[in-house]
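Breakdown of the fold
Take a look at the letters that make up each chain.
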Amino acid sequence: MPGQRSITEAEKRAEARLGGIPIRREQMEAVANIYRAASTVRHHLENSVLRGSDLTWTAFVVLWVVWVWGESETRHVAGEAGVSKGTLTGVSRTLESRGLLHRSGHPTDGRLVLLRLTEEGEEFMRRVFPAFNDEEAFVTSSLSDEECRDLADGLRRVVLQVERHGEDRRRSLLDGAEPAPRRSGRRAKG
């Protein structure tokens, strides 16, 4: 991509910077490349198939989650989509204003909100997902089907490792303490 430094140059610079620091290089490279691949693929899909639909990656993922799981509580959609409930609120309102998603109160718990695709949203996903999948095939076209299966399996194991053991690891690293609240990176006004 224009303006982006190459992966090869980034790896050389990291190696030079790390010098003799004792680290697990293969694991560092695996995690760095998970991030790089995810960012590169997301950028490509946003600027190809999703651009024509005027959707962000996050909006598409929200539609995908609701399409796959059916009507769902917002907390479950946020978790599946990997976004905060606040982010989901903004995205779901935008999708609702475009006629793709319907938001409604839970029938027995007024504190909860349910999301479901509208008929237009269902039609949209049936129409757009094949184009999205064509781009998934494009970005993985240098891999064989077997390599794609192996990659998917390896990444699935990474996800399962964190899902199964991440909370215990976090507690161990923090000596049982709760993590500090997330910050936006902005300094507090003083």
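For the structure given in this document, a descriptive report is provided here. (Residues numbered from 1 in each chain as written. Predicted model: local features only at pLDDT ≥ 70, side-chain atom pairs only at ≥ 80, totals over all residues. Heavy atoms only, no water.)

Let's talk about the environment of Gly86
Stated precisely, the cut-off is as follows: Only DSSP runs of H or I covering at least 4 residues are called helices, and only runs of E covering at least 2 are called strands; the numbering of each starts at the N terminus. Each residue is placed in one exposure class: buried if its accessible area under a 1.4 Å probe, protein chains only, is under 20% of its type's maximum, exposed if it is over 50%, and partly exposed if it falls in between.
Among the secondary structure elements, Gly86 is positioned in helix α6 (residues 85–97). Note on Gly86: relative accessible area 55%, which makes it exposed.

So, a nonpolar patch on the surface
Condition: Each patch groups residues whose relative accessible area exceeds 30% and which form no salt bridge, using 9 Å between like charges and 5 Å between nonpolar side chains of Val, Leu, Ile, Met, Phe, Trp and Tyr. Here the accessible surface of atoms and residues is derived via Shrake-Rupley with a 1.4 Å probe, and residues count as covered only by protein chains that are part of the display. For salt bridges, the criterion is a side-chain nitrogen of Lys or Arg within 4 Å of an Asp or Glu carboxyl oxygen.
A surface patch of nonpolar side chains, amounting to about 460 Å² of accessible area, comprises Val31, Ile34, Leu143, Leu151, Leu155 and Val158. For the nonpolar patch, the elements supplying multiple residues, two or more each, are α2 (25–47) and α8 (145–173). If one sorts the elements of the nonpolar patch by residue count, α8 sits on top with three residues. Take Leu155: it is sitting in helix α8. In this structure Leu155 comes out as partly exposed when scored by relative accessible area, which is 36%.

Remarks on the packing of helix α4 (residues 57–69) against α6
Here is the rule we go by: Think of each axis as a best-fit line through the C-alpha atoms, taken over the contacting stretch in the case of a helix, with angles from 0 to 180 degrees between the N-to-C directions. Orientation labels follow simple angle bins: below 35 degrees gives roughly parallel, above 145 gives roughly antiparallel, 65 to 115 gives roughly perpendicular, and whatever is left gives oblique. Note on contacts: a residue pair qualifies if any of its non-hydrogen atoms lie within 4.5 Å across the two residues. Any residue that is not Ala, Val, Leu, Ile, Met, Phe, Trp, Tyr, Cys, Pro, Asp, Glu, Lys or Arg is counted as polar, Gly included; the first ten are nonpolar and the last four charged.
In contact at an axis separation of 10 Å, α4 and α6 are set at 80 degrees when each is read in the N-to-C sense. As judged from the angle between their axes, α4 and α6 are roughly perpendicular. Across the interface between the two elements, Thr58, Ala59, Val62 and Leu63 from α4 touch Thr87, Leu88, Val91 and Leu95 from α6. Counted by class, the contact of α4 with α6 contains six nonpolar, two polar and no charged residues.

Structural notes on unusual backbone geometry
Leaving glycine aside, a negative phi is the common case for residues, and trans is the common case for peptide bonds. Phi at Asp54 is positive, roughly 55 degrees, even though this residue is not glycine. Mapping Asp54 onto the fold places it in the loop between α3 (49–52) and α4. Judged by relative accessible area, which is 61%, Asp54 ranks as exposed. With phi around 50 degrees, Asp175 is a residue other than glycine that occupies positive phi space. Relative accessible area serves as the criterion here: at 73%, Asp175 is assigned to the exposed category.

Remarks on the packing of aromatic side chains
Keep this limit in mind: Only the six-membered ring of Trp is used, alongside the rings of Phe and Tyr, when aromatic pairs are assigned; centres must lie within 6.5 Å, and planes under 30 degrees apart are stacked while those over 60 apart are edge-to-face, with the rest tilted.
All chains considered together, the criterion is met by six aromatic pairs. On the numbers, 6.1 Å between centres and 40 degrees between planes, the contact of Trp57 with Phe132 is tilted. Highlighted residues: Trp57 in helix α4 and Phe132 in helix α7 (residues 119–139), separated in sequence by 75 residues. In this structure Trp57 comes out as partly exposed when scored by relative accessible area, which is 23%. Assessed through its relative accessible area of 4%, Phe132 is described here as buried. Put simply, the rings of Trp57, Phe60, Trp64, Trp67, Phe129 and Phe132 pair up and form one aromatic cluster.

Overview of the pairing of strand β3 (residues 113–117)
What counts, and what does not: Here, a strand pair is defined by DSSP locating no fewer than two bridges between the strands.
For strand β1 (residues 72–73) and β3, the ladder comprises two bridges, and the chain directions are antiparallel. Paired with Glu73 across the two strands is Leu114, which belongs to β3. Judged from the five bridges that link them, strand β2 (residues 101–105) and β3 form a sheet pairing that is antiparallel. By the bridge assignment for β3, Arg103 is matched with Leu115.

Section: the side chain of Thr58
Worth spelling out the cut-off: As used in this structure description, the phrase polar contact means that two N or O atoms lie within 3.5 Å; if the pair is within protein, one of them must be able to donate a hydrogen and the other to accept it, and residues adjacent in sequence are counted only when both atoms belong to side chains.
Within the fold, Thr58 resides in helix α4. Within the local environment of Thr58, its side chain forms a polar contact with the side chain of Arg42, the two groups lying 3.5 Å apart. Excluding its chain neighbours within four sequence positions, the residues that come into contact with Thr58 are Arg42, Val83, Thr87 and Val91.

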